[in-house]
Amino acid sequence: MQKKNYHKTLNRRKGWLAFNGAGLLCVGIIFAFVLCPMNKGAEANATTSGSLQVSVKSASNLSVSLGSAVEISGEVDQFTSGATTLKVQTNNPTGYALYMTTEDGTTSLKNNVDASSDKEISSIMNDAVGSDLIGNTWGYSIDQNAITEQSTFKPIMADGATAIYTTNLASTLGQTDSYNLGFGVHTDRTLPAGVYSNVIKVSVVANPW
């Protein structure tokens, strides 16, 4: 009987030890987990980043210049013309447009000698080759080539609402776009002798971009 009790007691102690050993093991694991987190990345410093776009819009530069006044010695019943040089320079990437107006808002050349005269040289109504202009009419032509009687002439623009020339390209860096701005006239015998004139204004406008 004593041996059996002894073994029971020993078994109970072993069971207690086994139970408490397991309990200690569990506590030890939890304790180790608390002290030694599994997240390795926590040891590194936290970082973040952002980005932004920087842009600078450069202003467009424009310049235009005209040559000397155009003086045409008209021949009766014959087409004659004269031209001047028009130069433009710009850094605008989308180019520019040229506009033309007359100083007095009319499209005619008026007699400077006799202001009372109602005779004048009227603008042509439609595009025409120079040699086809009719009596007492005039028109303009703009081209990078020379202006001749075979050039196409257009009606004079008095209000400046329509561009006389457009380009979608900027001037070559450091260079100037050069054009010939010409005027053609055909007078007949009904026109009194005199000097017929008007003032032409040319402006250049940068295209939007």
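Residues numbered from 1 in each chain as written. Predicted model: local features only at pLDDT ≥ 70, side-chain atom pairs only at ≥ 80, totals over all residues. Heavy atoms only, no water.

**Section: the overall build of the protein chain**
1) Next: Each helix and strand in the protein chain was counted, giving 1 helix and 12 strands.
2) Next: Taken from N to C terminus, the helices and strands of the protein chain fall in the order α-β-β-β-β-β-β-β-β-β-β-β-β.
3) Next: Within the protein chain, the fraction of its 209 residues that count as buried is 27%.
4) Next: Long-range pairs, those at least 24 residues apart, make up 76% of the contacts in the protein chain with a sequence separation of at least 6. (Helix = DSSP H or I, 4+ residues; strand = E, 2+ residues; numbered from the N terminus. Buried < 20%, exposed > 50% of the residue type's maximum accessible area, 1.4 Å probe, protein only. Contact = heavy atoms within 4.5 Å.)

**Describing the layout of surface pockets**
1) Next: Space inside the largest pocket adds up to approximately 820 Å³.
2) Next: Along the wall of the largest pocket there are 31 residues; nearest its centre are Val 70, Ile 72, Leu 109, Tyr 196 and Ser 197.
3) Next: Elements with a minimum of two residues in the lining of the largest pocket: β10 (177-187) and β11 (196-197).
4) Next: The greatest single-element share of the lining of the largest pocket, amounting to 4 residues, is contributed by β10. (1 Å grid on protein atoms, 1.4 Å probe; cavity = no way out; pocket = protein on both sides within 12 Å on 5 of 7 lines; lining within 4 Å. Points joined across faces, edges and corners; volume = space filled by probe spheres on them.)

**Some words on the environment of Asp 177**
1) Next: Assignment of secondary structure puts Asp 177 in strand β10.
2) Next: Asp 177 gets classed as buried once you look at its relative accessible area, which sits at 18%.
3) Next: In this structure, the C-alpha to C-alpha distance between Asp 177 and Leu 86, residues 91 residues apart in sequence, is 8.3 Å.
4) Next: Here Asp 177 is in contact with Leu 86, Lys 87, Val 88, Tyr 96 and Ser 171, once residues within four sequence places are set aside.
5) Next: Of the polar contacts made by the side chain of Asp 177, one reaches the side chain of Tyr 96; its length is 2.6 Å. (Polar contact = N/O pair within 3.5 Å; in protein donor to acceptor, adjacent residues only side chain to side chain.)

**So, the pattern of salt bridges**
1) Next: A complete count under the given rule lists 3 salt bridges for this structure.
2) Next: Two residues, Lys 110 and Asp 104, come together in a salt bridge whose shortest N-O distance is 3.6 Å.
3) Next: By relative accessible area, which is 30% here, Lys 110 ends up partly exposed.
4) Next: Where Lys 154 meets Asp 127, a salt bridge forms, and the shortest distance between an N and an O atom there is 3.0 Å. Note that Lys 154 is positioned in the loop between β8 (152-153) and β9 (159-167) and Asp 127 in the loop between β5 (120-123) and β6 (128-129), a separation of 27 residues in sequence.
5) Next: Classification of Lys 154 as partly exposed rests on a relative accessible area of 31%. (Salt bridge = Lys/Arg side-chain N within 4 Å of Asp/Glu carboxyl O.)

**Things to note about the nonpolar core**
Grouped burial of nonpolar side chains is what soluble globular proteins tend to show.
1) Next: Counting residues in hydrophobic clusters, the biggest one holds 20 residues, and the most contacted among them are Leu 98 and Tyr 140.
2) Next: Per-element accounting of this core gives the leading share, 4 residues, to β10.
3) Next: When neighbours within four sequence positions are excluded, Leu 98 is seen to be in contact with Leu 86, Val 88, Ile 142, Ala 163, Ile 164, Tyr 165, Val 202, Ser 203 and Val 204.
4) Next: One finds Phe 79, Ile 124, Ala 128 and Leu 133 within the second-largest nonpolar core, a separate group that totals 6 residues. (Core = buried A, V, L, I, M, F, W, Y, C linked by side-chain atoms within 4.5 Å.)

**A look at the pairing of strand β7 (residues 137-143)**
1) Next: Where burial is concerned, most of β7 is hidden: 6 out of the 7 residues are buried.
2) Next: In this structure, β5 lies alongside β7, joined through 2 bridges in parallel fashion. Paired with Ser 123 across the bridge in β7 is Trp 138.
3) Next: Here 7 bridges tie β7 to β10, and the two strands are oriented antiparallel to one another. Of the residues in β10, the one forming a bridge with Trp 138 is Val 185. (Pairing = 2+ DSSP bridges.)

**As for the sheet that holds strand β4 (residues 109-111)**
1) Next: Strand order across the open sheet formed by 7 strands is β1-β2-β10-β7-β5-β4-β11, with mixed pairing between neighbours. What marks the edges here is a single partner per strand, and that holds for β1 (62-66) and β11.

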